[in-house]
Amino acid sequence: PPLSSSTGRLVEVQRIRNLLSEHGELACAFQTSYAELQSMHQAATQWETMIDQVLTTDTLTLSERCQQLTVASQSRPRGIMLDPSCDAIDEWRKLLTWPLDLERGVGELTSKLLSRTASTQLPGEGVEIELMSLVNDCLGQLIVAGKDLNLFQTTTKFLGELKNQVLCSFPSTGQSLNPDAILRTSKHGPKVLGIIHKDSGGSVKAVTSAFWKLLCIKFVDHLKCVGSFANSCDLSDAKALISLCPVGSQSPIDTSADLLKLKKFVSDAERLRNEFSLEIAQASTFLQSNCFENEAGIRTCMLKLKDLQSDFEDPQLALAVILLRHLKCEDSLATMIRKLAWLTDMLAHGGVFDDNAHAPSDDGGRIHICELKKLHDSIPLAIDSEKTAPAGVAADSELLRMCIQVKRTFDRARLWQQRVGAVLKDTNSGDDVMTLDGLAAIAMDPILSKVILPEHESIKDVMANANQLRERLYEELFTHEYAGNSIDVNNTQLPDGSSLIAENREFVLYRFTGSQMYHKLSAKLRSLNDIAKGLTALTPEKACLKWMTKLHGWLERMQASLSQSGHLFVIKIEQALTLLEEGHSALFSLYDEVQSLLRQAKISVHVNPQGISVLSMKGGLQTLGLCFLRWVAILYDCLNSDVEREDAWKTEVFRLSSMFSSYETESVVPGGSVLNTVFRGADRFYDTAQGLAKELNELIIHDSDIESSLSKLRTKMTENE
């Protein structure tokens, strides 16, 4: 039997066909069973034919197909395994019923939209919210159920994400139409899906239009959003959304205004993109060609870029601009405008930086250092110390060339300012001597033909003061023969430098400091120093004046250190040692440049560890300057000799004291008596002490401690006489 009551299993149609075919080959006939099998085969064939007609008849509507599928499901032969199964037919009915439900939902949506009047609708965002609510109520569950039928296709990743957001905003019953399941359930699956796409066009197109409008609203909302998600959409997404807009659908929802708005966004974005590409390309060309030959073009191009930048900042084009955000047009525009603006500012002083231009002859053709600094500080490229640009900007060859040119000019100007700063600073403790030729080189530096530097006037004043000091120094000290007392000038009548007290008991220091020559020299040094106060640069002439002034001050301190002991002038040993050290320091602070200057004045000065020698060279005159330096050298030698004499005298005092102490110790025998023979040797110590005391009266350098020791020693000798 076809249906086994014991197992409940179904018989396959093919098994029935095989049994009917095998019956003719049997040796005997089973007429009853054969007839029953034939009846079953006929019923199955008729049922399959009915199913095929339901699916292939073009004149049937979706409603009629659903009704006939219901009839077919009820009239299905029992006990036979047929395609499609009952479950498959149920799935087909759900699928074919979905467009009918969509049609009813569209009708309900149309009715609700028609019932709204213009006075009850909210403007702007309110209309969109109300539309979303109506679509949600009438079609939301149906749209979610049919989402896998690919009726709402998207072609970009961004639109796919947007589609999912719209779908997630609708309620879901948890049931959905699965086209893959339809294909798996029966060989008729493709026909069933074909019916959906062929016969449900009106309602599906209407729903697709509504869904597209919601997608468009969501797209615009995301354009207005400043978050990262908005940055992920671009012009291609907008174009793809336009291409997805249903055409000719009988939808209650009008998409024409949205389509026009979206097309306007795209049109504006394409215009901005095209203008951007054109102007950036033109600007890039200017950055690679000679800017001095294209000055007018550069200015025009910059104005166009600024106009384009204004368009990118126009609120009415804001959404179109967002579509181009991935191109970073605004950043590129700002960068290019900054480059061209810098070139334009540089070209305002073009003659300064154009190697082929003639050097400007007046201030009008030069650039002020403040303007140059602004140009330098705003250089649009990062130029390193080697005057090279970083990788990636080599294409802007002309801009790079001019940036390097501006940087080189600024660096030269700053270097000049540093050199002048060293000249203009207070040089009382400076070590660098600047010659007049050096000052002239600074004043005539080629950078001054390009850059206006305020210090230029100062360096001119320095040169004027330096020349004045030079002329006066030579005029007062090194040009004319001294016409005063010959005894202070004649080399043969000058002291020999052996002591500050001459053989004729004349005090050598006062011979010079009390002379007419010394007073005249002091007056001239004061006058020259008044001039030198206005000279900030340490020229050889100023260095010479400083050196001679230092020597003059040393003589003044030596004279101030004198004190009178009886009828003699004396200097305390502490002061003498200090003066000797100061004199040595002053003499040895002679600059090479000063020695050269003195040689030009026919004066040879040699400083060595033993002292200083001052000689008149061949053809030289007995000038006031020469005489002064000679006297300084003599007085230094005198002081040094006197310190040495005092030191030798001091050594003898120490020796006498030591010998006398030993003599006393050896003269006393046990018991406290003194040997008679000892007295005969005592006289020699006393005579030596008397001689040292007499020699002290001839010394100019005195040590009070040693003098006191000698006095006590003489007293002791006298008491023990």
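Here the structure is a predicted model, which is why all the values come from computation and not from measurement. (Residues numbered from 1 in each chain as written. Predicted model: local features only at pLDDT ≥ 70, side-chain atom pairs only at ≥ 80, totals over all residues. Heavy atoms only, no water.)

**What about the overall build of the protein chain?**
Scanning the protein chain for helices and strands turns up 27 helices and nine strands. By the burial criterion, 44% of the 721 residues in the protein chain qualify as buried. When contacts within the protein chain are restricted to residue pairs at least 6 apart in sequence, long-range pairs at least 24 apart make up 76% of them. Here the protein chain has roughly 37,600 Å² of accessible surface; of this, 51% comes from carbon and sulfur atoms. (Helix = DSSP H or I, 4+ residues; strand = E, 2+ residues; numbered from the N terminus. Buried < 20%, exposed > 50% of the residue type's maximum accessible area, 1.4 Å probe, protein only. Contact = heavy atoms within 4.5 Å. Areas by Shrake-Rupley, 256 points an atom, 1.4 Å probe, with all protein chains shown as cover.)

**Quick notes on the sheet that holds strand S9 (residues 701-702)**
Ordered in space as S5-S6-S9, the three strands form an open sheet in which the pairing is mixed. What marks the edges here is a single partner per strand, and that holds for strand S5 (563-565) and S9. The pairing of S5 with strand S6 (residues 568-572) spans three bridges and is classified as antiparallel. Each residue of the ladder has a partner; that of Ser 565, found in S6, is Leu 568. (Pairing = 2+ DSSP bridges.)

**What about the packing of aromatic side chains?**
Inspection of every chain in the model, using the stated rule, returns nine aromatic pairs. Both rings, one in Phe 512 and one in Phe 628, keep their centres 6.5 Å apart while their planes meet at 35°; by these two values the pair is tilted. Taken together, the positions of Phe 512 in helix H20 (residues 508-513) and Phe 628 in helix H25 (residues 624-667) put the pair 116 residues apart, joining distant regions of the chain. In this structure, Phe 512 and Phe 628 share a single accessibility class: buried. Seen from their ring centres, Phe 512 and Trp 631 are 4.9 Å apart, and the 15° between their planes marks the pair as stacked. With Phe 512 in helix H20 and Trp 631 in helix H25, the pair connects residues that are 119 residues apart, well separated along the chain. According to the relative accessible area criterion, Phe 512 is buried, its value standing at 0%. Of the residues examined, Trp 631 reaches a relative accessible area of 0% and is grouped as buried. Following the ring pairs from residue to residue traces out a cluster consisting of Phe 512, Tyr 518, Phe 628 and Trp 631. (Phe/Tyr/Trp six-rings, centres within 6.5 Å; stacked < 30°, edge-to-face > 60°.)

**Side note on the pattern of salt bridges**
Tallied over the full model, the rule gives 21 salt bridges. Residues Asp 377 and Lys 373 are paired through a salt bridge, measuring 2.6 Å at the closest nitrogen-oxygen approach. Of the two residues, Asp 377 and Lys 373 both sit in helix H16 (residues 369-377), four residues apart, roughly one turn of that helix. Residue classification places Lys 373 among the partly exposed residues on the basis of a relative accessible area of 40%. Here Arg 470 ties to Glu 541 by a salt bridge, and the two come within 2.7 Å at their closest N and O atoms. Of the two residues, Arg 470 sits in helix H19 (residues 455-478) while Glu 541 sits in helix H22 (residues 540-560), which places them 71 residues apart along the sequence. Each of the salt bridges in this network shares a partner with another, and the network as a whole consists of Arg 271, Glu 275 and Asp 311. (Salt bridge = Lys/Arg side-chain N within 4 Å of Asp/Glu carboxyl O.)

**Quick notes on the packing of helix H10 (residues 235-243) against helix H11 (residues 256-286)**
For the pair H10 and H11, the least separation of the axes is 10 Å and the interaxial angle reads 145°. Note that H10 runs across H11; the crossing there is left-handed. On the side of H10, the interface is formed by Leu 235, Ala 238, Lys 239, Leu 241 and Ile 242, while H11 contributes Leu 259, Leu 262, Lys 263, Val 266, Ala 269, Glu 270 and Arg 273. The residue makeup of the contact of H10 with H11, split by class, is eight nonpolar, no polar and four charged. (Axes fitted to C-alpha atoms, helices over the stretch in contact; angles between N-to-C directions. Left-handed = near helix turned anticlockwise from the far one by under 90°. Nonpolar A, V, L, I, M, F, W, Y, C, P; charged D, E, K, R; others polar.)

**Observations concerning the pairing of strand S7 (residues 603-608)**
The pairing of S7 with strand S8 (residues 611-616) spans six bridges and is antiparallel. Each residue of the ladder has a partner; that of His 606, found in S8, is Ser 613.

**Quick notes on unusual backbone geometry**
Phi is mostly negative for residues that are not glycine, and the peptide bonds are mostly trans. Positive phi outside glycine occurs at Lys 328, with the angle close to 55°. In this structure, Lys 328 sits in the loop between helix H13 (318-322) and helix H14 (329-347). The exposure class of Lys 328 is exposed, given its relative accessible area of 55%.

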